[in-house]
Amino acid sequence: MPELIVQLRSMRLAMRKAVPLLLALLLCALSAVAEHTRFWRQSDYDVFQKGDAKGVALRSDGRLVLAPKFAPFADASLAYLWSLRLDSHGNLYAAGGSNAKIVKFDNSGNSTTVFESQDMTAQALVFDKGDNLYVATAPDGKVYKVTPAGEKSVFFDPKTKYIWDLALGPDGTLFVATGDPGKIFAVDPSGNSHLFYNAEETHIRTLVRDSKGSLFAGTEPNGLVLRISIGAESTPVQNGKGPAARQSSGKRASAPTTAKKEDSSEEAGRTAYVVYETAKKEITSLVLDPAGNLYVAAIGDKNPGPPRPPGQQNEQENAPNSQTITVTVGAPGGLQTPQQATPFAPFPVLSSAAVYRIAPDGSPEELWTSRENSIYAMGLSTGGKLLLGTGNQGAIMQLEGDRVFSRLAKAESQQVTSFARASNGKIYVATANPGKVFTLGPELESEGTFESEPFDARIFSRWGRLRWWGENGAGSGIELYMRAGNTSDPGKNWSPWAGPYGDPKGQEVECPPARFVQWKATLHGGSNPPDLSWVEMAYLPKNVAPQIGSIVMQNPGVRVTGFGQQAGPPQSAPVQLRIPAAPGSQGGQSQRGSESPRFEPPPQGYAEKRYQAVLWSAEDANDDELTYSVFYRGENEKDWKLLKDKLEQKFYSWDTNSMPDGAYYLKIVGSDDKSNPPTEALKAERVSERFVVDNTPPAITELASEPAPGAAGDPAVTVRFRASDSASSIVRAQYSLDASDWTIVPPVGGLSDSPVEQYSVTLRGIAPGEHTVSVRVYDQFENESAAKVTFTVPAGKR
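Bear in mind the structure is a predicted one, so any value in this text is a computation, not a measurement. (Residues numbered from 1 in each chain as written. Predicted model: local features only at pLDDT ≥ 70, side-chain atom pairs only at ≥ 80, totals over all residues. Heavy atoms only, no water.)

## Quick word on the nonpolar core
Within the largest apolar cluster, 47 residues are counted, with the highest numbers of intra-cluster contacts made by V355, W368, M378, L388, W463, M482 and W519. Excluding anything up to four places from it in sequence, V355 contacts V296, E365, E366, L367, W368, I375, M378, L386, L388 and L399. (Core = buried A, V, L, I, M, F, W, Y, C linked by side-chain atoms within 4.5 Å. Buried < 20%, exposed > 50% of the residue type's maximum accessible area, 1.4 Å probe, protein only. Contact = heavy atoms within 4.5 Å.)

Printed below as a string of C-alpha cells:
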C-alpha cells in the first residue's frame, strides 16, 4: 500500500511537470500555423542560370565562383567566324564569312585581310610547318594555298558540295574532309591528290590526328567516330561495307570498314575502324588531350523521318542538321535578319548535344548532355579541362570532372564556334552572329558580380534577414546587396541597392516593403577565391483576405461527402458533380503565391432524396488555412441565418426537410482566423444563385373517366386529370391500367414546363368489366403523387 501511494504521488508530479510543457508545445504549434514568414532561397544551377553573371562562373553543383577573365579582343566585321588558328609566330588567324575571308590579328586586335574570295564562307584553315596557309571554302568551294608572301592559288578542288575540315599529316600531307558525298582526300605538299577514304556517310564533319599515325573522323548522319590509319593500306572492300559500320548506338566497333575505289587509277584502300557510334546524328568536334583521351561532341537526335518515294530528295537533307540562313554584313557588327538562302550554315534546328570521352583503350563514357544547347567547338584550357563552345545562347562551358560543369561566360554573339590556345595560356574564342573574337583566361577575374532573377512574392511584403553561405566568403570575399520594387522589371523605379552585407549568418536588410526583390553578389579575388553556394531571404507577406471564387448549387436530390465516404444508403447511385471554377479563372487574377496549393481530394456525390448540396472554390494568397460558414436567407427576407459553421471542406449538403418550400439564397463566408491573430484575421464572402426547396408532392385533382367515341365493338374510355405544384414545374406523368406497366402520358399542350398541367389519355380495346387506372405525377424535385379512378365497361360493348 505505501508503494502504491508513492507511485500515485510520482504520477501526479510528472503530470504537473508535463502540463506546462504540453501547453508550450501547443502554443508553439498554434504560432507556427499563424506564422506567415517565408523564405526565398536560391541554391542550384537552373535557378542561377536565370540571373545575370559578369565575371562569375555558374557551376552545375550550385556554386558561384570567379570565372576566367573574359574580354573582347577584336571585331572581324563578319557575320560569322568558323575557325581560329595560330601560326608558328603566335599570330592569330580567323576564317569566316560572308563572303569567304581570312583575317589576321595583331596583339592589339587590329585586323588585316590575308585572303578573300567570292565563296560564301571560309570554313576551315590550317598552317603547315612552313607557315603556308591552307583555306577551305564552301559551299561548292575549294582549298586555297596562301604563302607567307601572300601569294594565293587554288591548291585542290574536291568537286564536292562541302569542305568541312582540314588536317595535316606528319609528312605535310593535307587531309580534306568533305560532305555530299562524305570523303577524305589526301593532298601532298606538291598538290598531288588522291581519294584517301570513301565513307558510307553523307558527311565527314571533323578531323583530328594523333601522334600514333591515326586520323580520327566524325561523321553525319549516323554520328560515327572513325579511326583511319595514315600509313597502312589494306585490300579494298566493296562499297566500304563492314560490320563496324553497323554497330548499335553506344557500342564500340569490333571490325573495320574500308573504302571503295574512286577510279581505276587510284584505290582508296584505307581501313576505317568505327571507334564509337554515338546516340546523335552529327559529330561536330573532336579533341585529343595529352593523355590520349579523345573527346567527341555530337548533336541532333537520331529521329528517322517517313520513307521518301524513290527519286525524291530534299536538297537540305544533304546539309548536316542545318538551318537555311543568309546574313548581310554592313558596318562592323551590323547584322540583318536571317533570310532564306542556299543551305549552308550548320546551326542545328534541334538543340540536343552530348560529349563523350573515349579512353586510350577505346572505352567510351558520356560526360555531358544537354537538351538546350548545341556544341560547335571544343578545346582544352591551360589546366587541361575541356571547353565547349555552344549555341544558340553563346555560352562557354567547362567540364570540371565528376560530371560537374561550369558556364564560364556568355558572349554577345549567338554561337561559340572555335578555340585557339596561345603559348601564354590565353584562349582565343571565335563566335558567329556576329563574328567576333574574345579572350579567355588564363587568370581569373579580379572581381565578378551576379544579379539574381527578380523574385515575385506575389503579395506586398516586408523583408527580413539575408543569409548566405560560401567558402572563403566571410569578411571581404563576398558582399551582398538587396533592392526592392513594385515592377517586374528592375530599373530606376526600384529602390537603390542596399548593402553591402558581409555576414553570412544573417543581417537585416534595409529595403522598403514591396512585391519584388532582388539580390546581387560581388565576389572579390585573392589568394583564396571565394565561392557562393546559396542565398536565402526571409520575408513576411501582408495578410490579404481570402477569395471565394464561385458557388455552384448542385441539382436537387444530391448529397455530397468527402472522398471515400458513403453519402447515403449503400444502394445510393453516384452522381457527377458540377465543379466550381477556381478564383481568377474567369477574368480575375489569382493571388496565390509561389507555394504549391494544398492537395484536396475531390468530393463525391450520391443521389439522396430531399438533400441539397453546394460546392464552392476558394483560395488564400498567404496560403492560410481557411474555415467556412454557410448562411441562408429566404427570398424577400433580410437577415441571414446560420446553416453550418466551422467547415474545413469546400462543400456542404443538408436535408431540406427542415426548410419550408420556397426560394432561397446561400452565403459562403471564408475566414483565415485559424492562421492569424484575431486582430489580423480577414474574411471574404459570396452569395449563391437563387435555388428552390420543394419537398411537397404535387396535387392531382379533377381525376375522372368517361366513355370515348370508338368503333363498334371496340369500347374506349378517356381518363382526364389535373396536376399542380406550388413550388416547381410538373416534369412527367404516368398511368397504369389494372396494375400493368407504367406508361408515360404527355400533357395536353405537349410540353412539361408549367406548375399546372392538364392530362388526357384515351384507352381502347378494353375488356368488359371493372377496371382501375392509376396515375402518378412528379415535380422537378422528384416529389411524387398518385391517385386512381375506377370505371366499368358494360358487357356486350366489345
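## So, the sheet that holds strand β56 (residues 769-779)
Within the open sheet, the four strands sit side by side as β54-β53-β56-β57. Their pairing is antiparallel. Sheet topology places β54 (743-744) and β57 (784-793) at the edges, where each strand pairs with a single neighbour. Summarising the sheet, β56 and β57 pair through 10 bridges and their orientation is antiparallel. Within β57, the position partnered with V777 by the bridge is S785. (Pairing = 2+ DSSP bridges. Helix = DSSP H or I, 4+ residues; strand = E, 2+ residues; numbered from the N terminus.)

## Focus: the packing of aromatic side chains
Overall, the coordinates contain 25 aromatic pairs when judged by the stated rule. Of the aromatic side chains, those joined through ring pairs into one cluster are Y632, Y652, W654, Y664 and F691. Directly above the ring of W534 sits R41, whose terminal nitrogen or CZ lies 4.0 Å from the centroid. Here the basic side chain of R732 rests over the ring of Y778, its NZ or CZ set 3.9 Å away from the ring centre. (Phe/Tyr/Trp six-rings, centres within 6.5 Å; stacked < 30°, edge-to-face > 60°. Lys NZ or Arg CZ within 6 Å of the ring centre and 35° of its normal.)

## Considering the confidence of the model for the chain
In this model, the chain carries an average pLDDT of 84, and 80% of its residues clear a pLDDT of 70 or more. The low-confidence segment residues 304-346 (pLDDT under 50) makes 92 contacts with residues lying over four places distant or belonging to another chain. (pLDDT = per-residue confidence, 0-100.)

## A closer look at the pairing of strand β18 (residues 214-220)
The buried count for β18 comes to seven of seven residues, which makes it a mostly enclosed element. Because side chains alternate across β18, one face comprises the buried residues S214, F216, G218 and E220, and the other comprises L215, A217 and T219, equally buried. As judged from the six bridges shared by strand β17 (residues 203-209) and β18, these two strands associate in the antiparallel manner. Each residue of the ladder has a partner; that of T206, found in β18, is G218. Adjacent in sequence and paired antiparallel, β17 and β18 are bridged by four residues, among which G213 carries a positive phi angle near 90°. For β18 and strand β19 (residues 224-229), the ladder comprises five bridges, and the chain directions are antiparallel. Bridge assignment links G218 to a residue of β19, and that residue is V225.

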